[in-house]
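Read off the chains here:
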Amino acid sequence: MEKEQFLEVYRHSLAHILAKAVIEIYGKEVQYAIGPQIADGCYYDFVLPAALTEGDFPAIENKMREIIKRRETWTMEEVSKEKALEIFKDQKFKTELICDLPEDEKITVYYTGDDFVDLCRGPHIDNSQLLMNVAFQVKSVSGAYWRGDEHRDQMQRVYLYAFPDQKQLKEHLKMIKEAMERDHKKLGPQLELFMFNETAQGMPYWLPRGWKLYQALMQYSRDVQDLHEYQEISAPVINNNKLWIISGHWAHYVNNMFIIPGKDEDEKYTVESVDTMAAKPMNCPNAMMEFGRKPRSYKELPIRYSEYDVLHRKEKTGQLNGLLRVQEFRQDDDHTFVTEDMIEAEIDDILSIADEIYKTFGITYRAEFSTRPEDFMGDIELWNDAEAVLKKILDKKYGEGGYEINEGDGAFYGPKIDLQIKDALGREWQCGTIQLDFQLPRNFDLKYTAQDGSEKVPVVIHRAIFGSIERFLGIIIENFKGVFPFWMSPYQVAVVPIRTEHNDYAKKVVQRLKALRIRVEADYSDNNMKQKIKKFKNYKDPYILVLGDKEAENGTVSINMRGSNKQINDVPLDKFIDMCMKLNMEHSIELIDSVE
RNA sequence: GCUGGAAUAGCGCAGUCGGUAGCGCAACUGAUUCGUAAUCAGUAGGUCGAGGGUUCGAGUCCCUUUUCCAGCUCCA
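Residues numbered from 1 in each chain as written. Chains lettered and ligands numbered in written order. Predicted model: local features only at pLDDT ≥ 70, side-chain atom pairs only at ≥ 80, totals over all residues. Heavy atoms only, no water.

### Structural notes on the overall build of chain A
Now for step 1: From N to C terminus, chain A includes 18 helices and 31 strands.
Now for step 2: Considering only C-alpha atoms, chain A reaches an extent of 90 × 70 × 60 Å along its principal axes.
Now for step 3: Sorting the 596 residues of chain A into buried and exposed places 52% on the buried side.
Now for step 4: For chain A, contacts bridging at least 24 residues in sequence account for 69% of all contacts bridging at least 6. (Helix = DSSP H or I, 4+ residues; strand = E, 2+ residues; numbered from the N terminus. Buried < 20%, exposed > 50% of the residue type's maximum accessible area, 1.4 Å probe, protein only. Contact = heavy atoms within 4.5 Å.)

What follows is the structure in structure tokens.
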């Protein structure tokens, strides 16, 4: 058997062994659903008499090994629908699957030994002995809904790691462990970037160091957008619900909004009050207000309103996750008002910005196209037009089939292109988003005067490249393991005077650097220099300057570079400053390790 | 929201059978004034997430609750 094929087949076959083992342990009343292979193994969904815990894993693993040792033959049998229904008459999930199959579909079942049968398309191994050398381990157990629907049965999903041999399994486990080490939830507090408190669930507190990182990212975003002729605005964080009723958020998004009830005649707070306000979950409505404040001409378009205001979105508790999923965040948001024939060029420009920004971080992304949801607003015809435009652009840029299509996943006001990037554990997160909107401008009665003097409705493009800055930072922290490129490091340079008598010179150096907007910190305490260096190394500051007699005398600095024990001694301060300025300007990922 | 798990000093952890809370690092004080990642000595720090219960006695057992984590669902 080919190696590639084997990888899929043995993982899927192992899922059958897992099901057989669980049934042998927990009895015939176990309901088993489906068990596909996944990136690092496979899983199987069950309804079991009791909740599994970690303590049950060894028993399952042992039973699986025992079953494999039986060297049972696997046989495939093609059966009629009636026969299949008979075989699985006590299995509700299998019965449902069989009933849903088209009439003319071939139904195959696989027997592992005589006593276990599973509905399956295959292919599978011929005999369990082929699994003898395969390495596997129960990874975890968790809840999962039947057919991914939260209104249907919840089952227990048993995950398995599975690899061709022990060595590969061990390597994978090591990789997972390393990924956990660089979890942003761990690195964040360690590097003093952010924290959380239970009184503000899912709302990050940015600590001094983290806020410098955040600001560096925002500054970079502002610089790029300025070059692309964006104008930054800011608008109220809470608005009366009149605004949200016009925008459609009150009808389509209210469950995700933080509401501030107004008072009624009896001085009681109630959501029904005309004074009820809500915190903005999105910037769009207020951007519409700024556009609509005066008559507009086609000559003004495109108008690009960028915005970094704080947004609030109420989430169900279980879906919060460090910085990756929060309830308060900022987006590198923009609403661009265009005429219909500007759409294509504008989206091209947005995608070029995305390419430029992601490249700066060394990140690759994957595009997804989301179409009209059930809960949509507006005319179907407008939707069809919008979807056709986006599809054309995507086909041109990524090629047909070069992106994923998510039917029905669009926003309620328009279809969208999402840009996905991965965290350290390989989980994908939506960051960038480009949404085409023919709807909101109508709700807000926005118009511009066209060349022929007629009144037209502008099209709005919503877009964000980082997506939420919080989420993007979470991913970036993990990608860089907290070892940030010079330009975004909280502190770029640390200064260590060898003895307190060198503090005066150190302060001069610090003032020079600060005047040039290089972020610098210094330790003037009487701790010994080793302690000071250690402290700054732990913060992962890119360059540590050690200053003593020689340096003070010659106006130089001695540089200790991050990530190596290499020292560059007696560098003229001006030369070091040039190096810093160059790194800042070029947004280099790597540090410069020599002054020549 | 659902299923399962976790919460002990600023951080990382230990705490046995229910018997009254400990270690390392960090902090602080003193000594050392040092040339590139752990100098020495001492001091202080805890309503054991919160509330209730069982018990002579609870970090430990039970119930409720909050927050966090993994996964599901939803999402930027």
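### Here we look at the pattern of salt bridges
Now for step 1: For the structure on display, the rule yields 45 salt bridges.
Now for step 2: A salt bridge links aspartate 418 to lysine 416; the nearest nitrogen and oxygen atoms lie 3.5 Å apart. You'll find aspartate 418 and lysine 416 in the same group, each marked buried.
Now for step 3: Residues joined by salt bridges that share partners form a network here, namely Lys20, Glu24, Lys63, Glu66, Arg70, Glu72 and Asp115. (Salt bridge = Lys/Arg side-chain N within 4 Å of Asp/Glu carboxyl O.)

### Let's talk about the sheet that holds strand 29 (residues 543–547)
Now for step 1: The 5 strands lie next to each other as 28-27-29-30-31, forming an open sheet whose pairing is mixed. Of all strands in the sheet, those with a lone pairing partner are strand 28 (520–522) and strand 31 (567–572), marking the two edges. Averaged over all pairs of adjacent strands, the angle between their axes in this sheet comes to 30°, without regard to strand direction.
Now for step 2: The sheet contact formed by strand 27 (residues 493–497) and strand 28 spans 3 bridges and is parallel. (Pairing = 2+ DSSP bridges. Axes fitted to C-alpha atoms, helices over the stretch in contact; angles between N-to-C directions.)

### What to know about unusual backbone geometry
Now for step 1: Residues leucine 301 and proline 302 are joined by a peptide bond in cis, for which omega reads -5°.
Now for step 2: The phi dihedral of glutamate 267 falls on the positive side, at around 65°, and the residue is not glycine.
Now for step 3: Relative to the elements of secondary structure, glutamate 267 occurs in the loop between strand 14 (262–263) and strand 15 (269–270).
Now for step 4: Overall, the relative accessible area of 54% leaves glutamate 267 in the exposed class.
Now for step 5: Within the chain, histidine 587 stands out as a residue other than glycine whose phi angle is a positive 50°.
Now for step 6: Tracing the backbone shows histidine 587 in the segment after helix 18 (573–586).

### With respect to the domain arrangement of chain A
Now for step 1: We note that the domain assignment places domain 1 (3–177), domain 2 (190–237 + 280–480), domain 3 (239–279) and domain 4 (486–586) within chain A.
Now for step 2: Here the C-alpha centre of domain 2 lies 41 Å away from the C-alpha centre of domain 1. (Domains from an automatic or database assignment.)

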